Structures are given as structure tokens and as C-alpha cells.
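# Structural overview for review
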Amino acid sequence: TTHIFVTDLLTYSDCQPFQDALLEALARQRHRIVVDLRASPFIDTAVLGDLALAVRQGPGGKSRLEVVAAPDSQPLRVLALTGLDSLITVTVAQHEKREPHLE
């Protein structure tokens, strides 16, 4: 399992490290990729596009990619509004303090 922890907002202008980590995880052909957005107060359409790309590129799509989001958070609402929550496994969990990193 590869974990990608996001600790700040993600917009088009600052999401390159996230994109790089997600592409690296896909390239490593890991069985499961977990994107932890619990500490992110905001994601924009660039991130949604990256997640949709990850679903299309990975075999098994939904079972391969999981997003963890905080309850009542903007990322959780956006995933639901766009319907990505039907393509990606979304887990709701409270935020835990972590430094940004890729495992």
C-alpha cells in the first residue's frame, strides 16, 4: 500500500507535488493507493482530474484507489458532488497530525 498524505490546500498552482506522488505510486503498480486528504481544507478541479486519471490508469480502479477525508470537509463534499465517490473508495475519518510525505 502506498499512502499519500496531503497537509494543505491543493489548487492548480500548487498541486504538482501531489501529482508527482500519485503518478509515482501508479508507476510502482502498488496494489492499493491511499490519498489522505483529512488535513486538506480545500481541493480544486486539478486534484479531481488527477484522481479521475488514477482511476482510469489503475487496474481495478475503485478497489485500488482510496481517499480518506475529514467529516464535513470541502474535499468530501466535492468528491460527492462530482460523483467521484462512486468511482473511488472514500473513507471518512477524523484528522490526525502528520508531516507531508509519501510512504
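Just above, that's the structure.
In this report, the structure presented in the accompanying data block is examined. Here the residue index of a chain counts from 1 through its sequence in written order. Owing to the predicted nature of the model, reporting of local features is limited to residues with pLDDT of at least 70; listing and counting of side-chain atom pairs is limited to 80 or more, with chain, interface and lining totals taken over all residues. The basis for every side-chain value is the complete set of non-hydrogen atoms in the structure, without hydrogens or water.

Looking now at the overall build of the protein chain. What counts as a helix is a DSSP run of H or I of at least four residues, what counts as a strand is a run of E of at least two, and both are numbered from the N terminus. The number of helices and strands found in the protein chain is 3 helices and 5 strands. Helices and strands appear in the protein chain in the N-to-C order β-α-β-α-β-α-β-β. Across the 103 residues of the protein chain, 44% fall into the buried class. In this description, contact between two residues means that some pair of their heavy atoms is separated by no more than 4.5 Å. Contacts spanning at least 24 positions in sequence make up 75% of the contacts within the protein chain whose residues lie at least 6 apart. Accessible surface computed for the protein chain: about 5,600 Å², of which carbon and sulfur atoms make up 54%. When accessible area is computed with a 1.4 Å probe and restricted to protein chains, residues below 20% of their type maximum are described as buried, those above 50% as exposed, and intermediate ones as partly exposed. The method behind every accessible area is Shrake-Rupley, applied with a 1.4 Å probe, and residues are considered shielded solely by the protein chains displayed.

Each nonpolar core is a collection of buried residues, namely Ala, Val, Leu, Ile, Met, Phe, Trp, Tyr and Cys, held together in the definition by side-chain atoms within 4.5 Å. Of all hydrophobic cores here, the largest spans 25 residues; its most connected members are L10, F18, I33, V35, L51 and L65. Of all elements in the fold, only α1 (16-27), β2 (33-36), α2 (45-57), β3 (65-69) and α3 (74-82) reach the threshold of two or more residues within this core.

Relative to the elements of secondary structure, D50 occurs in helix α2. For the buried D50, no salt bridge exists, and the shortest N-O distance to an oppositely charged side chain is 8.6 Å, to R56. What qualifies as a polar contact is a pair of N or O atoms within 3.5 Å, subject to a donor-acceptor requirement within protein and to the restriction that residues adjacent in sequence count only when both atoms come from side chains. A distance of 3.2 Å separates the side chain of D50 from the side chain of Q19, its partner in a polar contact. Not counting residues up to four positions away in its chain, the partners in contact with D50 are C15, F18, Q19 and L22. Counted as positive: Lys and Arg. Counted as negative: Asp and Glu. His and the chain ends are not counted at all. A pairing counts as a salt bridge when a side-chain nitrogen of Lys or Arg comes within 4 Å of a carboxyl oxygen of Asp or Glu.

Non-glycine residue D72 carries a positive phi angle of around 60°. In this structure D72 comes out as exposed when scored by relative accessible area, which is 70%.

This part is about the pattern of salt bridges. Any two side chains of opposite charge can pair, given that their charged atoms come close. In this structure the tally under the stated criterion is 3 salt bridges. Two residues, R28 and E24, come together in a salt bridge whose shortest N-O distance is 3.9 Å. A relative accessible area of 39% places E24 in the partly exposed class. Where R38 meets D36, a salt bridge forms, and the shortest distance between an N and an O atom there is 2.5 Å. The two residues R38 and D36 agree in class, both being buried.

Below, the discussion takes up the pairing of strand β4 (residues 89-92). Two strands pair under a simple rule: DSSP has to find at least two bridges between them. Inspection of the sheet shows β3 paired to β4 by 4 bridges, in the parallel sense. Residue pairing in the sheet places V68 in a bridge with T91 of β4. Clockwise travel from the first strand over the helix to the second, with the strands pointing away from the viewer, marks a crossover as right-handed. This β-α-β element, β3 to α3 to β4, shows right-handed connectivity.

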